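# Understanding the architecture of this molecule
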Amino acid sequence: MKTIIFNTIRDVPREHWNHLQKGHSFTYAHEFWDVLEQSQLNDFRYRYAMFYDDADNPVALTSFYTITTDIAIFAPTKLRLLLSKIRQIFPGFLFLKMLECGTPVTLNKPFVASSVLADDEMVKALNDMLLGLAKKQGHFLIVLRDFEPETDAIQPLFKQLGYHLVDSLPTTYMNIDWPTPQAYLSSMKSYYRSKLLKHLRINHQQDIRHELHDNFDHLADILCDQWLVVHHHASEYQREILTPEFYKGFSSQLDSRSKILLFYRKQELIGHALLLQDGDLLRWLYFGRTEAVNDSLYIYVAHKVVETAINLGATRLELGLTTYSIKKDLGAYMSPLKLALRSPLRFINPFIGLVYPLLNHTPEIQNKSIFKDQ
């Protein structure tokens, strides 16, 4: 099998890439990666690999990138406070140069492969490429993400090659089984329905309303500022830093797949929810607001995201990481994620699986019975 590495998505043969991507998540699409690449998030440096068989037919693709990031990114509160004090003296403490394979802003397994390619052959080829690059470029750690439950069959193949499978923050999903928003409300147990309706009334009394749009590039600077308000006050997870270019490209290059819910208090734009329609799956990617205050707005936003999924005919809604309690009260369930970690340094790698869980804390998977028929 032959591997060709590209330094920009615009050099990758679009017809080969999209032939393999067809039938898979849009977050693997050539257009999606072009938006990410042009957005200049953090210090990500993206690269792409196409795998070809002996007859030069494309059989697999993957995307990967270098990033300097915090190895204690999911640290518990006490450890996070200690690290902040240490970093006042040593700013780069536990920030490591990593080679990461996956997508930096969404969830997906780290490669797409043709059905003619055996899993073990693909995993070996991917490992050989990443390990060679990591050694050559001096990366401390290789990270493959994100392994959801449906990847259980390939996870042991990575363990056989020296990777450590560790827990990441769980994500949240909701199966959309209702024909109308009213049917969704009616299906809830009375306690959770009355709790939700109370918060909706609070927002209605404050003249909060919302609008759904496909085109929002003219609002990019405002939306990015709103997102930064939420990001700077996040206590559970902080990594990628969005830019106005991200919002512009997301709106202008992804056609009707890109959507945004805009939230107004009277005529003032006070928040937004960024959405991606990925086939039958609606992804809620980001939330932003003008003020970091503890009120009912987030619950109102989350409910309108659910309502939008129903109205768009989605069969499943991804609500993302963190703020689990609110999402579960609306009917979402927590779903586990794993990362595969390996250091190219032979004497360091055996300790990665021991040290990483000590530095990072992930919540226990606990779900609720929200609906009458559960």
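About the criteria used
Residues numbered from 1 in each chain as written. Predicted model: local features only at pLDDT ≥ 70, side-chain atom pairs only at ≥ 80, totals over all residues. Heavy atoms only, no water. Salt bridge = Lys/Arg side-chain N within 4 Å of Asp/Glu carboxyl O. Buried < 20%, exposed > 50% of the residue type's maximum accessible area, 1.4 Å probe, protein only. Helix = DSSP H or I, 4+ residues; strand = E, 2+ residues; numbered from the N terminus. Phe/Tyr/Trp six-rings, centres within 6.5 Å; stacked < 30°, edge-to-face > 60°. Arc of directions from axis to C-beta. Axes fitted to C-alpha atoms, helices over the stretch in contact; angles between N-to-C directions. Parallel < 35°, antiparallel > 145°, perpendicular 65-115°, else oblique. Left-handed = near helix turned anticlockwise from the far one by under 90°. Contact = heavy atoms within 4.5 Å. Core = buried A, V, L, I, M, F, W, Y, C linked by side-chain atoms within 4.5 Å. Nonpolar A, V, L, I, M, F, W, Y, C, P; charged D, E, K, R; others polar. Pairing = 2+ DSSP bridges. Polar contact = N/O pair within 3.5 Å; in protein donor to acceptor, adjacent residues only side chain to side chain.

## Observations regarding the pattern of salt bridges
- The tally for this structure, following the rule as stated, stands at 14 salt bridges.
- For Glu-211, the salt bridge goes to Arg-209, with nearest N and O atoms at 2.8 Å.
- Glu-211 gets classed as partly exposed once you look at its relative accessible area, which sits at 28%.
- We classify Arg-209 as partly exposed; its relative accessible area is 28%.
- One salt bridge in this structure joins Lys-368 and Asp-329, with 2.6 Å as the shortest N-O distance. Residue Lys-368 is located in the segment after α12 (349-359), and its partner Asp-329 is located in helix α11 (residues 324-329); the two are separated by 39 residues in the primary sequence.
- Classification of Lys-368 as partly exposed rests on a relative accessible area of 34%.

## Examining unusual backbone geometry
- The amide bond that connects Arg-145 to the next residue, Asp-146, takes the cis arrangement and shows omega of 0°.
- The topology assignment puts Asp-146 in strand β6 (residues 141-147).
- The phi dihedral of Asp-56 falls on the positive side, at around 65°, and the residue is not glycine.
- Secondary-structure assignment places Asp-56 in the loop between β2 (45-52) and β3 (58-70).
- For Asp-56, a relative accessible area of 44% puts it in the partly exposed group.
- Its identity as a non-glycine residue notwithstanding, Lys-266 has a phi of 60°, on the positive side.
- By the secondary structure assignment, Lys-266 is in the loop between β10 (258-265) and β11 (268-278).
- On the accessibility criterion, Lys-266 (53% relative accessible area) is exposed.

## Quick word on the packing of aromatic side chains
- Applying the stated criterion across every chain, the model contains 21 aromatic pairs.
- Relative to Phe-250, the ring of Phe-246 has its centre 5.5 Å away and its plane inclined at 40°; by these criteria the two rings are tilted. Of the two residues, Phe-246 and Phe-250 both sit in helix α9 (residues 244-253), 4 residues apart, roughly one turn of that helix.
- Given a relative accessible area of 1%, Phe-246 falls into the buried group.
- Residue classification places Phe-250 among the buried residues on the basis of a relative accessible area of 0%.

## Focus: α12
- Those residues of α12 lying buried are Asn-349, Ile-352, Tyr-356 and Leu-359. Along the axis of α12, the buried positions cluster into a sector of 70°, meaning they face one direction only. Pointing more than 90 degrees away from the buried face of α12 are the exposed residues Leu-354 and Leu-358.

## Section: the packing of helix α8 (residues 220-232) against α9
- At a closest axis distance of 8 Å, the pairing of α8 and α9 adopts a crossing angle of 125°. Between α8 and α9, the crossing angle belongs to the class labelled oblique. Handedness of the crossing formed by α8 with α9: right-handed. From α8, Ala-220, Asp-221, Leu-223, Cys-224 and Trp-227 reach across to α9, where they touch Pro-244, Tyr-247 and Lys-248.

## Let's talk about the nonpolar core
- The biggest cluster of nonpolar side chains holds 51 residues, and the ones touching the most others in it are Phe-32, Phe-246, Tyr-247, Phe-250 and Tyr-286.
- Beyond its immediate stretch of four places on either side in the chain, Phe-250 contacts Phe-32, Val-35, Phe-216, Ser-258, Leu-274, Leu-275, Leu-276 and Leu-285.

## With respect to the packing of helix α7 (residues 190-205) against helix α10 (residues 297-312)
- The N-to-C vectors of α7 and α10 enclose an angle of 110°; their axes lie 9 Å apart at closest approach. Between α7 and α10, the angle falls in the class roughly perpendicular. Here Leu-196, His-199, Leu-200, Asn-203 and His-204 of α7 lie close against α10, whose contacting residues are Leu-297, Ile-299, Tyr-300 and His-303.
- For the contact of α7 with α10, the class distribution of residues is 5 nonpolar, 4 polar and no charged.

## Quick look at the sheet that holds strand β13 (residues 316-318)
- Reading across from one edge, β9-β10-β11-β12-β13-β8-β14 is the order of the 7 strands in this open sheet, with mixed pairing throughout. Two strands close off the open sheet at either side, each with one partner strand: β9 (208-213) and β14 (333-335). Averaged over all pairs of adjacent strands, the angle between their axes in this sheet comes to 30°, without regard to strand direction.
- Its contacts with the sheet put α8 on β10, β11 and β12 (281-289), and the angle it makes with β12 is roughly 80°.

## Details of the side chain of Ser-258
- With respect to the element layout, Ser-258 can be found in strand β10.
- A distance of 3.0 Å separates a polar atom in the side chain of Ser-258 from the backbone oxygen of Asp-255.
- If we skip the residues at most four places from it in the chain, Ser-258 touches His-213, Asp-214, Phe-216, Phe-250, Ser-251 and Leu-275.

## Description of the environment of Ser-39
- Take Ser-39: it is sitting in helix α2 (residues 30-39).
- Owing to a relative accessible area of 0%, Ser-39 belongs among the buried residues under this scheme.
- When residues no more than four places from it in sequence are discounted, the contact partners of Ser-39 are Thr-243, Glu-245 and Phe-246.

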